[in-house]
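As a plain string of letters, each chain reads:
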Amino acid sequence: MQTVYGVPALNLAERIVTFESDGVRLPGIVTSPTATGPDKLGLLLLSPGLKHRVGPHRLHLKLARFAATRGLHVFRFDFHGTGDAEGELPGREVPDLHERIQNGFFKGDAVNALRAFKEETGVERVIACGLCGGAITALYLADADSMVDGIIGFQLPVKVLDQESDFADQISEEYSDFILMLYLKKLFNPDAWRNFFTGKSEYGLIRKTITRRLGRLFGAGGREGGERSIPEGINRIFLQAYDNVAGRVKMLWIYSEQERARYDFESEFEKCCLAGSERPYTKRIIEGSNHEMAPDDAQEHLFALIDDWLEHEYGTRPGGAE
Amino acid sequence: MEAFDFIPVEGENLFSIIYRPARRLNGAGVIMIHPVCEEKLWVGRASTNLARALCDAGVPVLRFDLRGYGDSDRAHHDMNLSTAAADIRAAAEHFRTSENLTDLHLFGFRFGGTLALRHAADVAAASVAVINPLASGGAYLKKALRSNLTTQMSIFGEVREDRETLLAKMEDSGLLNIDGYHLSREFYTDCSQIDLSKKPVDWRGPGLVLSLVRSEGAAADGDSRRVFEACLASDPASRLTTLPYSPIWSEQKIFATGCPQLFDPIVDWFTNSAPSPGSEVG
């Protein structure tokens, strides 16, 4: 039988756990450790956006079975109104629901899941982990409950896009340059020119990325200064939660190289919001990856980064602690 | 009531949910078979809500994850069409026994519909309802490969490994990455052989094919028409119908929860049109 990333897949000690959250029943899966590890340490996986507890390409299942081999208890569950859970969401417009999630919509479910996790397994310290919406919910959970000792977040969004405004006006200078570079790569691509002349290109985005670049070439320099500033669009609820947990909670932030959220994090959060401050977290970038970390190399890199961080912060080892 | 459980199969586990109505319409029940790769994820919430709609109409429903999918055992690359067949048989046996069913019906979105038709005879299904089934495994895999190329375009701004390179790599490593799912060479080869229009299944109906189309009055999609003609048309009770509705097996700007407009034809099929024992049970 083959394995991927050393994650055994057969007959693991997994059991179904359901719990109540504000009057609705949420289902989840507890994975028990398959090796010795840090005492009473758990990994709580928070679903991305509106997706269920298994995640895109079973990412959460792979993470759960991987963490179990490092000696951790793991719990992953469905937020209300998603997956197999009871409950309904307040609308169906995905951008609106994403915005709600970025502002803490699922925090209550996460708090209740943490309690259920503790009751079911006896964990006393938890690492909250998630992709995108799951990452920001992990931060809100850490702010709400001191049981959260660490956060592993992938593609953490720090800005909330205004759906009524032009996308090109809301992206960072660096991400604007990245998009421009992608267009320049297509200069000798006949298909791209065909799209351009048949009305299929995003002319507004092309024009704005060019004018922003030219503006900086002939105008003002970078924005990094010695004092904190808060750029327009930065999620202030996120910022408050970050300020509350920074220094208390161990944090690992992982981004795909081309991810827009990465540019927001580096260009606006780190350069402006954290100007003159310490950066008490680990940040890693994965090359050649998409939002969901789908390519083989990206998945392999992701698991290696998590493994290193867990070993450094918690002393875990492949196959269990010595 | 919704009961979560694991169903044993060949020493491994299938994650399952049984939706039990407070009062059953008759002795029939429906097994829902999920589509494959990321399409399973996109139809997830609509599948939950369809199961609840059927349950509200008095029909018990079993949803389960094939091995290699969802919360079931195995890594994805260790699933193949043989394990899927064994899983469907095990789920059917478990459901018949646990719910004391007299009739078993199958339902599936997309490739789940294709699997439902392929295994309807194995489990002596009374009827099948499918939404946009896939007639050809080979055509589906071609589209899946295109998804890999699209991912490369979004990451690198160019295609670094074309279709032939990816297939050569699969020959070498035994694995093909589609949206992060690792398809095995065995699955790829077996799936490529599926062609319901040229090699129809043993089972002859009755069945409902619901084709979701872009606009009112549009013809059913080609796959739905081919599946209907080859597998179901010989039974006079079979039906091919269309519904203007977005293709919820891909990413949408509206969260694909499903709604009565989508569910009603399926609920109607299993409660009114499909053969049933007629007597009220439970």
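A. Fine view of the overall build of chain A. Of regular secondary structure, chain A possesses eleven helices and eight strands. Taken over C-alpha atoms, the radius of gyration comes to 21 Å for chain A, in line with the 20 Å a tight globule of 322 residues would show. Across its three principal directions, the C-alpha atoms of chain A cover 60 × 45 × 45 Å. Within chain A, the fraction of its 322 residues that count as buried is 57%. Working note: accessible area of chain A is about 13600 Å², and carbon and sulfur atoms make up 48% of it. Of the charged side chains in chain A, 38 are positive and 48 negative, and the gap between their average positions amounts to 2 Å.

B. Structural view of the side chain of S21 of chain A. Tracing the backbone shows S21 of chain A in strand β1 (residues 14-21). Among residues more than four places away in sequence, those in contact with S21 of chain A are L26, G108, D109 and N112 of chain A.

C. The domain arrangement of chain A, seen in detail. All names here are of chain A. According to the domain assignment, chain A contains domain 1 (14-161 + 233-314) and domain 2 (167-218). Its C-alpha centre places domain 1 at a distance of 33 Å from the equivalent point of domain 2. Across the boundary between the two partners, domain 1 contributes eleven residues, which contact seven residues of domain 2. For the domain 1 face of the interface with domain 2, the top three residues by lost area are L161, R260 and Y263, together amounting to 56%. The interface formed by domain 1 and domain 2 holds zero salt bridges in total. Counting every contact that joins domain 1 to domain 2 gives zero residue pairs in polar contact (both at pLDDT 80 or more). By residue class, the composition of the side of domain 1 that touches domain 2 is three nonpolar, two polar and six charged.

D. Inspection of unusual backbone geometry at higher detail. Cis geometry marks the peptide bond from G205 of chain B to P206 of chain B, where omega comes out at 10°. Not every positive phi belongs to a glycine, and K40 of chain A is a case in point at roughly 55°. Tracing the sequence through the fold places K40 of chain A in the loop between β2 (24-31) and β3 (41-46). If you check the backbone angles, D179 of chain B has positive phi at about 55° while not being a glycine. Of the residues examined, D179 of chain B reaches a relative accessible area of 25% and is grouped as partly exposed.

E. Spotlight on the domain arrangement of chain B. Residue and element names in this part refer to chain B. The domain architecture assigned to chain B consists of domain 1 (2-135 + 203-273) and domain 2 (141-183). With centres defined by C-alpha atoms, the gap from domain 1 to domain 2 works out at 28 Å. With five residues of domain 1 at the interface, the matching set in domain 2 holds five residues. Buried area between domain 1 and domain 2, both sides added, is near 530 Å², and the carbon and sulfur share of it is 67%. When the buried surface of domain 1 facing domain 2 is broken down by residue, C37, H76 and H77 rank first, second and third, together holding 70% of it. For the pair domain 1 and domain 2, the number of links is zero salt bridges. Remark: the boundary between domain 1 and domain 2 carries three residue pairs in polar contact (both at pLDDT 80 or more). Residue composition of the side of domain 1 that touches domain 2, grouped by class: two nonpolar, two polar and one charged.

F. Seen up close, the packing of aromatic side chains. Residues and elements named next belong to chain A. Under the criterion given, the structure shown has 22 aromatic pairs over all chains. Taking 4.2 Å as the distance between ring centres and 0° as the angle between the ring planes, the aromatic pair formed by F79 and F106 counts as stacked. Here F79 is found in the loop between β4 (73-77) and α2 (94-102), whereas its partner F106 is found in the loop between α2 and α3 (107-121), with 27 residues between them in sequence. For the pair formed by F79 and F106, the shared burial category is buried.

G. Up close: the packing of helix α1 (residues 59-68) of chain A against helix α11 (residues 296-314) of chain A. Residue and element names in this part refer to chain A. Put simply, α1 and α11 touch, their axes get as near as 12 Å, and they point 40° apart. Considered as vectors, α1 and α11 are oriented oblique to each other. Two packed elements cross with a definite hand, and for α1 against α11 that hand is right-handed. Across the interface between the two elements, L59, K62, L63 and F66 from α1 touch Q299, L302, F303, I306 and D307 from α11. Here the contact of α1 with α11 is composed, by residue class, of six nonpolar, one polar and two charged.

H. A look at the sheet that holds strand β5 (residues 125-131) of chain A. Residues and elements named next belong to chain A. With respect to topology, eight strands assemble into an open sheet ordered β1-β2-β4-β3-β5-β6-β7-β8, the strand pairing being mixed. Each of the sheet's edge strands pairs with one partner strand only, and the pair in question is β1 and β8 (282-286). Strand-to-strand twist in this sheet, taken as the mean axis angle between neighbours without regard to direction, amounts to 20°. Pairing between β1 and β2: eight bridges, direction antiparallel. Residue E20 lies in a different strand from β2, and its bridge partner there is R25.

I. Expanded view of the interface of chain A and chain B. Taken together, the contact between chain A and chain B spans 52 residues of the former and 47 residues of the latter. Between chain A and chain B, the buried area comes to about 3800 Å², and carbon and sulfur atoms account for 51% of it. When residues of chain A are sorted by the area they lose upon contact with chain B, R58, D84 and R92 of chain A head the list and together hold 17% of the total. One salt bridge in this structure joins R63 of chain B and D84 of chain A, with 2.9 Å as the shortest N-O distance. Taken together, the links from chain A to chain B amount to 30 residue pairs in polar contact (both at pLDDT 80 or more). Of all elements in the fold, only β1, β2, α1, α2, α6 (173-185) and α11 of chain A reach the threshold of two or more residues within the side of chain A that touches chain B. For the side of chain A that touches chain B, the leading source of residues is β1 of chain A, giving four residues. For the side of chain A that touches chain B, a count of residues per class yields 21 nonpolar, 16 polar and 15 charged.

J. Fine view of the packing of helix α5 (residues 137-156) of chain B against helix α6 (residues 163-173) of chain B. Residues and elements named next belong to chain B. In the contact formed by α5 and α6, the axes pass within 10 Å of each other and the chain directions differ by 110°. By the angle class used here, α5 and α6 are roughly perpendicular. Between α5 and α6, the contacting residues are K142, L145, N148, L149 and Q152 on the first element and R163, L166 and L167 on the second. Classifying every residue of the contact of α5 with α6 by side-chain character gives four nonpolar, two polar and two charged.

Procedures and definitions
- Residues numbered from 1 in each chain as written.
- Chains lettered and ligands numbered in written order.
- Predicted model: local features only at pLDDT ≥ 70, side-chain atom pairs only at ≥ 80, totals over all residues.
- Heavy atoms only, no water.
- Helix = DSSP H or I, 4+ residues; strand = E, 2+ residues; numbered from the N terminus.
- Rg over C-alpha atoms; globule rule 2.2 N^0.38 Å.
- Buried < 20%, exposed > 50% of the residue type's maximum accessible area, 1.4 Å probe, protein only.
- Areas by Shrake-Rupley, 256 points an atom, 1.4 Å probe, with all protein chains shown as cover.
- Lys, Arg positive; Asp, Glu negative; His and termini not counted.
- Charge placed at Lys NZ, Arg CZ, Asp CG, Glu CD.
- Contact = heavy atoms within 4.5 Å.
- Domains from an automatic or database assignment.
- Buried area = accessible area lost by both parts, 1.4 Å probe.
- Salt bridge = Lys/Arg side-chain N within 4 Å of Asp/Glu carboxyl O.
- Polar contact = N/O pair within 3.5 Å; in protein donor to acceptor, adjacent residues only side chain to side chain.
- Nonpolar A, V, L, I, M, F, W, Y, C, P; charged D, E, K, R; others polar.
- Phe/Tyr/Trp six-rings, centres within 6.5 Å; stacked < 30°, edge-to-face > 60°.
- Axes fitted to C-alpha atoms, helices over the stretch in contact; angles between N-to-C directions.
- Parallel < 35°, antiparallel > 145°, perpendicular 65-115°, else oblique.
- Left-handed = near helix turned anticlockwise from the far one by under 90°.
- Pairing = 2+ DSSP bridges.

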